[in-house]
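# Structural features, examined
If you want the building blocks of each chain, they are given just below.
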Amino acid sequence: MQFIPYSRQQITEDDIAAVNAVLRSELITQGPVIPRFERAFAERHAVAHAIAVSNATAALHLACLALRVGPGSRVWTTPISFVASANCALYCGATVDFVDIDPATRNLSVDRLREKLEDAEARGKLPHLLIPVDFAGLPADLRELRMLADRYGFAILEDASHATGASYLDRPVGSAWADATVFSFHAVKVLTCAEGGMVTTNDPALAQRIALLRSHGITRDEAEFEFAGSGQHGPWYYEQQALGFNARMTEMQAALGLSQLGRLDTMQARREALADRYDTLLAKLPLILPARRDDRRSAWHLYAVEIDPKRSALSREAAFAALRAAGIGVNVHYIPIHTQPYYRRLGFSEGDFPAAERYAARTLSLPLFPALTNAQQDHVVEVLRAVLS
Ligand SMILES: *Cc1c(COP(=O)(O)O)cnc(C)c1O
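First, a word on scope: everything that follows refers to the structure included in this document.

## Examining the side chain of aspartate 159
- Examined against the element boundaries, aspartate 159 turns out to sit in strand β5 (residues 155-159).
- Lysine 189 is the oppositely charged side chain nearest to the buried, salt-bridge-free aspartate 159, at an N-O distance of 6.9 Å.
- Side-chain polar atoms of aspartate 159 contact the side chain of serine 85, separated by 2.7 Å.

See below:
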């Protein structure tokens, strides 16, 4: 068999036609497709506002700024995520801390958060913002997080980069609980624009600030102008009202995203079917499988297993090497952020978040993407069985 990657984009002829149509049109940077993609995405996620940006890293950065994160702010997130979930706070001059994970869901632990909040309250060091991550596509414990946010007065920026189309208590992620939610459309994610990101929110003022920051802090909307009578300046007039960035998406990216969005349910159903098959096929192996929760539906961005130390002495390093040598593109999600050299220089060390570190030492992400065939999946399972026995 050919090499099977852990993730792979699915690009159809319709996707290609949609991008081609933009390339043949007048407008390739900013045009009509971006707002269409934003509206369709907002509708699919049952939320008032969706703002498309160049990637999820920019989305996190702009959302932090719009939520007034700045020097002196404290931002908490999970160590089991891509570094971007923490870096966004540092871009704003804030300080970052982490909350250890729930070993079952691998999401930020509500119990650890509650303890940390009690301690922080006693010391007068409550966070301004929490960034929970819907790890592997499984929504975080959003209702409990919202209750704690309301009690302690911090905002929630949900990093749903893994979770486009997922739902919690029958509502799409991005529609409720969080103050703002970020999605990634990188090629390995469940929906792709090659590069791309989105912020959703029900707060119109927040949406407006993010849209302003996306494009240099400049507005051309007369209703928003700060200088009285500026409408008299003429149609060339615009105002820079904040120090923004160029974090815009292109029309080609939006066309690809919009086309993919039309297939999101089909792609998600295939991911679910493959996850169900893994659950069955792997049941007897010495592995800890991803948790399921009746009150939420995962987007199944990743199928991450752990080698169960009670039932296997095989190291993750040995399993990883054997699988890669057999052409199975396993991966590791993630190296805990606080153990990265950059974060150690900020004062973190190994041992700070033991549940995250234990998980990270044992985990492997198995191939999972819509075009993975049952035969390929059977092959992955057979190789894994041989490696573990
Ligand atoms: C991929 C990812 C990001 C960054 O997304 P980009 O679109 O590549 O910038 C942020 N957070 C998480 C959890 C991710 O998986």
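## Some details on the pattern of salt bridges
- Tallying each qualifying case throughout the model produces 21 salt bridges.
- For aspartate 265, the salt bridge goes to arginine 44, with nearest N and O atoms at 2.8 Å. Placement of aspartate 265 in helix α9 (residues 264-281) and of arginine 44 in helix α2 (residues 33-44) is noted, with a sequence separation of 221 residues between them.
- Note that arginine 112 and glutamate 115 form a salt bridge whose closest N and O atoms lie 2.9 Å from each other. Of this pair, arginine 112 and glutamate 115 both sit in helix α5 (residues 110-122), three residues apart, which is roughly one turn of the helix.
- The partly exposed category is assigned to arginine 112, whose relative accessible area is 37%.

## Quick look at the site of the ligand
- By nearness alone, 16 residues border the ligand, and Thr57, Asp159, His162, Ser184 and Lys189 come closest of all.
- Coverage of the ligand by the protein amounts to 93% of the 380 Å² it exposes when considered alone.
- Of all the secondary-structure elements, those providing two or more residues to the shell around the ligand are α3 (56-66) and α4 (84-91).
- Its residues assigned to classes, the shell around the ligand shows five nonpolar, nine polar and two charged.

## Focus on unusual backbone geometry
- The amide bond that connects histidine 333 to the next residue, tyrosine 334, takes the cis arrangement and shows omega of 5°.
- Note on placement: tyrosine 334 falls in the loop between α10 (316-325) and α11 (341-345).
- In the Ramachandran plot, arginine 106 falls in the positive-phi region, its phi being about 70° despite a non-glycine side chain.
- Turning to its location among the elements, arginine 106 is positioned in the loop between β3 (95-98) and α5.

## Details of the packing of α3 against α4
- Where α3 contacts α4, the axes come no closer than 9 Å and their chain directions differ by 40°. When the axis of α3 is compared with that of α4, the two are oblique. Classified by chirality, the crossing of α4 by α3 is right-handed. Seen from α3, the contacting residues are Thr57, Leu60, His61 and Cys64; seen from α4, they are Ala84, Ser85, Cys88, Ala89 and Tyr91.
- Its residues assigned to classes, the contact of α3 with α4 shows six nonpolar, three polar and no charged.

## Details of the sheet that holds strand β2 (residues 74-77)
- The strand order across the open sheet built from seven strands is β1-β9-β8-β5-β4-β2-β3, with neighbouring strands paired in mixed fashion. With partners counted over all chains shown, the strands left at the sheet margins are β1 (49-53) and β3, one partner each. Neighbour to neighbour, the strand axes of the sheet diverge by 20° on average, direction disregarded.
- When β2 meets β3, the two strands line up parallel, connected through four bridges. Paired with threonine 77 across the bridge in β3 is phenylalanine 98.
- Packed on one face of the sheet, α2 meets β1, β8 (180-184) and β9 (197-201) and runs near 135° to β1.
- Its contacts with the sheet put α3 on β1, β4 (129-131), β5, β8 and β9, and the angle it makes with β8 is roughly 165°.

## With respect to the packing of aromatic side chains
- In this structure the tally under the stated criterion is 15 aromatic pairs.
- Between phenylalanine 135 and tyrosine 334 the ring centres are 6.2 Å apart and the planes differ by 70°, which places this aromatic pair in the edge-to-face class. One end of the pair, phenylalanine 135, is in the loop between β4 and α6 (142-152); the other, tyrosine 334, is in the loop between α10 and α11, and 199 residues separate them in sequence. Both residues of the pair, phenylalanine 135 and tyrosine 334, belong to the buried class.
- The structure contains a cluster of three or more aromatic residues connected by ring pairs, namely Phe98, Tyr342, Tyr343, Phe348 and Phe353.
- In this structure, lysine 116 packs its charged tip against the face of tryptophan 76, placed 5.3 Å from the ring centre.
- Directly above the ring of tryptophan 177 sits arginine 171, whose terminal nitrogen or CZ lies 6.0 Å from the centroid.

## Re the sheet that holds strand β14 (residues 303-307)
- Taken together, three strands build an open sheet; the order of strands is β12-β14-β15 and the sheet is antiparallel. Single-partner strands in this sheet number two, and they are β12 (287-288) and β15 (363-366).
- Here β12 pairs with β14 via two bridges, running antiparallel. In the strand pairing of β14, leucine 287 is matched with isoleucine 307.
- The strands touched by α10 within the sheet are β14 and β15, with β15 carrying the most contacts at an inclination of about 25°.

Basis of the calculations
- Residues numbered from 1 in each chain as written.
- Predicted model: local features only at pLDDT ≥ 70, side-chain atom pairs only at ≥ 80, totals over all residues.
- Heavy atoms only, no water.
- Helix = DSSP H or I, 4+ residues; strand = E, 2+ residues; numbered from the N terminus.
- Buried < 20%, exposed > 50% of the residue type's maximum accessible area, 1.4 Å probe, protein only.
- Lys, Arg positive; Asp, Glu negative; His and termini not counted.
- Salt bridge = Lys/Arg side-chain N within 4 Å of Asp/Glu carboxyl O.
- Polar contact = N/O pair within 3.5 Å; in protein donor to acceptor, adjacent residues only side chain to side chain.
- Near = heavy atom within 4 Å.
- Areas by Shrake-Rupley, 256 points an atom, 1.4 Å probe, with all protein chains shown as cover.
- Nonpolar A, V, L, I, M, F, W, Y, C, P; charged D, E, K, R; others polar.
- Axes fitted to C-alpha atoms, helices over the stretch in contact; angles between N-to-C directions.
- Parallel < 35°, antiparallel > 145°, perpendicular 65-115°, else oblique.
- Left-handed = near helix turned anticlockwise from the far one by under 90°.
- Contact = heavy atoms within 4.5 Å.
- Pairing = 2+ DSSP bridges.
- Phe/Tyr/Trp six-rings, centres within 6.5 Å; stacked < 30°, edge-to-face > 60°.
- Lys NZ or Arg CZ within 6 Å of the ring centre and 35° of its normal.

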